[in-house]
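Commentary on secondary and tertiary structure
Here is how the chains run, residue by residue.
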Amino acid sequence: MECITVGRGTRQCWIIHRQHPGETMAEFYAEGLLTRLLGLDTNGCIDGLTKHLMQKYTFHIVPNMCPDGSFRGHLRTNAQGQNLNREWANTGHEGEEHYYQAPTVKRSPEVHCVLQEMDKTGVDVFL
């Protein structure tokens, strides 16, 4: 998984894009966000608001949450056929008829990987 980390703040902001592979416009948003945060279109000059945000927050930006689905041309699912929107938390309680454990390494390695990193850094903001 590709994750770009910028900023020096104590607050942790995770921003994920393209959880559904067919949502290509979300990756363009990630490109624009990184361009602004890093001053890529202003020869490295960063405006006051961006400097302020970079001092308060550490941004963890995942431009493509589902690279295997994107590569395969899937619209909503990863290579395992899973909709990653449904893979962030268990549904129901263990032992119940409709219990669904999520995420798992086999079914949704992308979400599993990102959640492990979120556990390490903590999360104050998630978009």
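Coordinates for the structure precede this section.
First, a word on what this report is: a plain description of the structure on this page. Everything numeric in this text was worked out from a predicted model, so none of it was measured. Every chain is numbered on its own, with residues counted from 1 as its sequence reads. Where totals are concerned, whole chains, interfaces and linings use all residues; where local detail is concerned, this predicted model gives features only for residues with pLDDT of at least 70, and gives and counts side-chain atom pairs only at 80 or more. Values reported for side chains reflect all heavy atoms of the structure, with hydrogen atoms and water molecules removed beforehand.

1. Some details on helix α4 (residues 109-121)
Condition: Going along the chain from the N terminus, every DSSP run of H or I of four or more residues is numbered as a helix, and every run of E of two or more is numbered as a strand. Here the expected span of a helix is defined as 1.5 Å times the quantity of residues minus one. Each residue is placed in one exposure class: buried if its accessible area under a 1.4 Å probe, protein chains only, is under 20% of its type's maximum, exposed if it is over 50%, and partly exposed if it falls in between. This arc is taken over the directions from the axis of the helix to the C-beta atoms. Here, two residues are considered to be in contact whenever any of their heavy atoms come within 4.5 Å of each other.
Between its first and last C-alpha, α4 extends 19 Å over 13 residues, near the 18 Å set by a 1.5 Å rise per residue. Among all positions in α4, only E110, V111, V114 and M118 are buried. Down the axis of α4, the buried side of the element spans an arc of 85 degrees, and every buried residue falls inside it. Residues of α4 that are exposed and angled more than 90 degrees away from the buried face: D119 and K120. Buried positions along α4 lie against β2 (11-16), β3 (57-62), α3 (67-72) and β4 (125-126).

2. As for the pairing of β3
The following threshold applies: Note: two strands are recorded as paired if DSSP finds a minimum of 2 bridges between them.
Within β3, six of the six residues are buried, which leaves the element mostly enclosed by the surrounding structure. A two-sided burial pattern is seen for β3, the buried positions comprising Y57, F59 and I61 on one face and T58, H60 and V62 on the other. As judged from the four bridges shared by strand β1 (residues 4-7) and β3, these two strands associate in the antiparallel manner. Bridge pairing in β3 links I4 to I61. In terms of strand pairing, β2 meets β3 through six bridges, oriented parallel. Following the sheet pairing, Q12 is matched in β3 by T58.

3. Section: helix α1 (residues 24-38)
The end-to-end C-alpha distance of α1, which contains 15 residues, comes to 22 Å, matching closely the 21 Å that a straight helix rising 1.5 Å per residue would cover. Among the residues of α1, A26, A30, L33, L34, T35 and L37 are the ones counted as buried. G39 occupies a position one or two residues after α1 and carries a positive phi of about 65 degrees.

4. So, the packing of aromatic side chains
Where we set the bar: Two aromatic rings, drawn from Phe, Tyr or Trp (for Trp, its six-membered ring), form a pair once their centres lie within 6.5 Å of each other, and the interplanar angle then sorts them: stacked below 30 degrees, edge-to-face above 60, tilted otherwise.
In the structure shown here, the tally under the stated rule is two aromatic pairs. With a centroid separation of 5.8 Å and an interplanar angle of 35 degrees, the aromatic rings of Y57 and F59 are classed as tilted. With relative accessibility at 18%, the residue Y57 sits in the buried group. By relative accessible area, which is 7% here, F59 ends up buried.

5. What about the environment of I16?
Position of I16 relative to the elements: it lies in strand β2. The buried category is assigned to I16, whose relative accessible area is 15%. Spatially, the C-alpha atoms of I16 and L115 are 11 Å apart, while their sequence positions differ by 99 residues. If near-sequence neighbours (up to four positions away) are discounted, I16 is found in contact with V62, M65, W88, F126 and L127.

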